[in-house]
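# Remarks on the overall topology
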Amino acid sequence: MAAAHEEDVHIEEGEEDEFIDPNDVLVEVVEDGDMLMDEDEDGEGEVEGDGPHPDEEIVWEDNSIQHFPAHKKSVFAISTHPTAPLAASGGEDDLGYIWEITSGEEIVKLTGHTDSVTSTAFSADGEFVATGGMDGKVRIWRRVGKEHYNQWEFLTELTGPDEVMWIRWHPKGSVLLAGSNDTTVWLWQLPSGNTMQVFAGHTGPVTCGNFTPDGKRIITADANGTLIFWDPRSPSPIFKLSPTDVRFALDGITSLAVNPASTIAVVGGSTGGVRVISLRKGEVVGALAGHQEDESVEAVEFVELGPLSGSAAPASGGVVVTGATDGKACIWDLGTMRLRATLEHGDAVTSLHRLPVPKGHLIVSASADKVLRTWDARTGTLVREHKGHSEPVLGAALGLGGGVVVTAGDDGVCLVFPTE
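A brief report on the enclosed structure follows.

Conventions used here
- Residues numbered from 1 in each chain as written.
- Predicted model: local features only at pLDDT ≥ 70, side-chain atom pairs only at ≥ 80, totals over all residues.
- Heavy atoms only, no water.
- Pairing = 2+ DSSP bridges.
- Helix = DSSP H or I, 4+ residues; strand = E, 2+ residues; numbered from the N terminus.
- Axes fitted to C-alpha atoms, helices over the stretch in contact; angles between N-to-C directions.
- Buried < 20%, exposed > 50% of the residue type's maximum accessible area, 1.4 Å probe, protein only.
- Phe/Tyr/Trp six-rings, centres within 6.5 Å; stacked < 30°, edge-to-face > 60°.
- Salt bridge = Lys/Arg side-chain N within 4 Å of Asp/Glu carboxyl O.
- Polar contact = N/O pair within 3.5 Å; in protein donor to acceptor, adjacent residues only side chain to side chain.
- Contact = heavy atoms within 4.5 Å.

### Digging into the sheet that holds strand S6 (residues 106-110)
Taking strand neighbours across the sheet as the criterion, the four strands line up as S3-S4-S5-S6 in an open arrangement whose pairing is antiparallel. Only two strands of the sheet have a single partner each, and these edge strands are strand S3 (75-80) and S6. Each neighbouring strand pair of the sheet contributes to a mean axis angle of 20 degrees, computed without reference to strand direction. Relative to strand S4 (residues 86-91), S3 runs antiparallel, the two being bridged by five bridges. Along S4, the bridge assignment pairs Val 75 with Gly 91.

### Description of the environment of Leu 279
Looking at where Leu 279 falls in the secondary structure, it is placed in the loop between strand S21 (274-278) and strand S22 (283-289). Separated by 14 residues in sequence, Leu 279 and Ala 265 have C-alpha atoms that sit 6.7 Å apart.

### Some thoughts on the pairing of strand S8 (residues 128-133)
Across the six residues of S8, six count as buried, placing the element largely inside the fold. Residue alternation in S8 divides its side chains into two sets, Phe 128, Ala 130 and Gly 132 and Val 129, Thr 131 and Gly 133, and both sets are buried. Where strand S7 (residues 117-122) lies against S8, five bridges are found, and the strand directions are antiparallel. Paired with Val 117 across the strands is Gly 133, a residue of S8. The turn linking S7 back onto S8 is made up of five residues, and Gly 126 within it adopts a positive phi angle of 75 degrees. Inspection of the sheet shows S8 paired to strand S9 (residues 138-143) by five bridges, in the antiparallel sense. Counted as the bridge partner of Thr 131 is Arg 139 from S9. Where S8 folds back onto S9 in an antiparallel hairpin, the turn is made up of four residues, including Gly 136, whose phi is positive at roughly 85 degrees.

### Considerations on the packing of aromatic side chains
Enumeration according to the criterion identifies eight aromatic pairs in this entry. Judged by centre distance (5.4 Å) and plane angle (70 degrees), the ring pair of Phe 68 and Tyr 97 falls under edge-to-face. Within this pair, whereas Phe 68 is found in strand S2 (residues 66-68), its partner Tyr 97 is found in strand S5 (residues 96-100), the two being separated by 29 residues in sequence. Across the pair, exposure class does not vary: Phe 68 and Tyr 97 are buried alike.

### Some words on the pattern of salt bridges
In total, this model carries 12 salt bridges according to the counting rule given. Arg 143 is the partner of Glu 127 in a salt bridge, and the nearest nitrogen-oxygen pair spans 2.7 Å. You can see Glu 127 sitting in the loop between S7 and S8 and its partner Arg 143 sitting in strand S9, a full 16 residues away along the chain. With a relative accessible area of 13%, Glu 127 lands in the buried category. By relative accessible area, which is 9% here, Arg 143 ends up buried. Here Arg 378 makes a salt bridge to Asp 376, at a shortest N to O gap of 2.8 Å. Taking the relative accessible area as the measure of exposure, Arg 378 reaches 12% and is therefore buried.

### Quick word on the pairing of strand S26 (residues 338-344)
The buried fraction of S26 is high, at five of seven residues. Strand direction decides the pairing type here: strand S25 (residues 328-333) and S26, joined by six bridges, are antiparallel. By the bridge assignment, Ala 329 is partnered in S26 with Leu 343. Two successive antiparallel strands, S25 and S26, enclose a turn made up of four residues, where Met 337 displays a positive phi of approximately 60 degrees.

### Examining the sheet that holds strand S14 (residues 194-199)
Strands belonging to one sheet form pairs held by backbone hydrogen bonds; the direction of such a pair is parallel or antiparallel. Read from one edge to the other, the open sheet built from four strands follows the order S11-S12-S13-S14, with strand pairing classed as antiparallel. Of all the strands in the sheet, just strand S11 (164-169) and S14 have a single pairing partner and so form its edges. Strand-to-strand twist in this sheet, taken as the mean axis angle between neighbours without regard to direction, amounts to 20 degrees.

### Overview of unusual backbone geometry
With an omega of 10 degrees, the peptide bond between Leu 190 and Pro 191 qualifies as cis. Within the secondary structure, Pro 191 is located in the loop between strand S13 (185-189) and S14. Here the bond from Val 357 into Pro 358 is cis, since omega is 15 degrees, no more than 30 degrees from zero. Structurally, Pro 358 can be placed in the loop between strand S27 (349-354) and strand S28 (362-367). One non-glycine residue, Leu 400, lies in positive phi territory at about 55 degrees. Along the chain, Leu 400 falls in the loop between strand S31 (393-399) and strand S32 (404-409). With a relative accessible area of 39%, Leu 400 lands in the partly exposed category.

### Let's talk about the side chain of Gln 197
Among the structural elements, Gln 197 can be located in strand S14. Owing to a relative accessible area of 15%, Gln 197 belongs among the buried residues under this scheme. Here the side chain of Gln 197 touches Pro 232 through a polar contact of 3.3 Å, landing on its backbone oxygen. When sequence neighbours within four positions are dropped, the list of residues in contact with Gln 197 reads Val 185, Trp 186, Leu 187, Pro 232, Arg 233, Ser 234 and Pro 235.

Interpretation note: all reported values are geometric properties and have no functional meaning in isolation.
Have a look at this one:
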């Protein structure tokens, strides 16, 4: 079985170029107003006052192009198919749905959970969809036939976690990773459903995690502030960073992302701290201070800045965006550890989504202020605003090759917007 595991998760040995020089030391960056760019509010928003007059008609702005209203309660999860125009949503109604993005038509109802469905995810090849719930269940459906994506069948139920915090598919193979509130991380092989590994080492709920983009490693983090880097073939960590390391110390870890080269991780904390980690060395190489203290960093996303006449080119190291409950999304140059721009929302930033290359400089932010915005990360310029929700936007995903953003709303509705 071990040989099969290695093939399934595409683990190879090899050296990658470092994004950050080995001589880099900890740099504490404080927001000092000396930013290269700073995007001000565009003037749109709610007008302060005594509220609408009883005789006035309230007009709700909605520039979405499609909607899916089947969930009767809050929608917590949304994901999109890698090639087909499909979305998978999950909600407080204990249900998941696969639905058609362009028509809003329901394709299949994903049943069997006995508590809220908080995660959904399509496999990299689009043949499977997984749902994860607060009931501890991970349920898998499989596409039927090869002609279209309109028929799906229930395949298996995976058990082990107490409450599923998140699920992630391997970027190349049919291997599923899940983090639990009971401190464990689970790895399963599909379609067999066999448990490949149970990772133990966390001391609190495993709040976030993923495979590295190259598929060779796993990175996970917990609510007590511990980060662990794993080889999928081994239950023993490659390295672990904990709050006892004063350079790393975060009260709790709430979000993370790994750069495309799989050499750098950026980790966001529950009190506004951000750390930059060299995965090659297992060390902190930077600290980014741009969010308000005691405001949780809810999202981290790397962007790829293409050429733009007159704009400052990023130094080597890449560019990352962090979004927090302070309503700010900060764009960081990891080569200099400096803030390039600050993007503003009226409430917590709940998720961030980079468009695929060649538009990797565009990023969509979702917010509890009920609005999503597309930004040009090269300049911090607002490209488009997406309105239609009457309650906070709890999640989002890009679909149709980045042409649309699909949302999960606290109002029980999923909306579809063009990204540009």
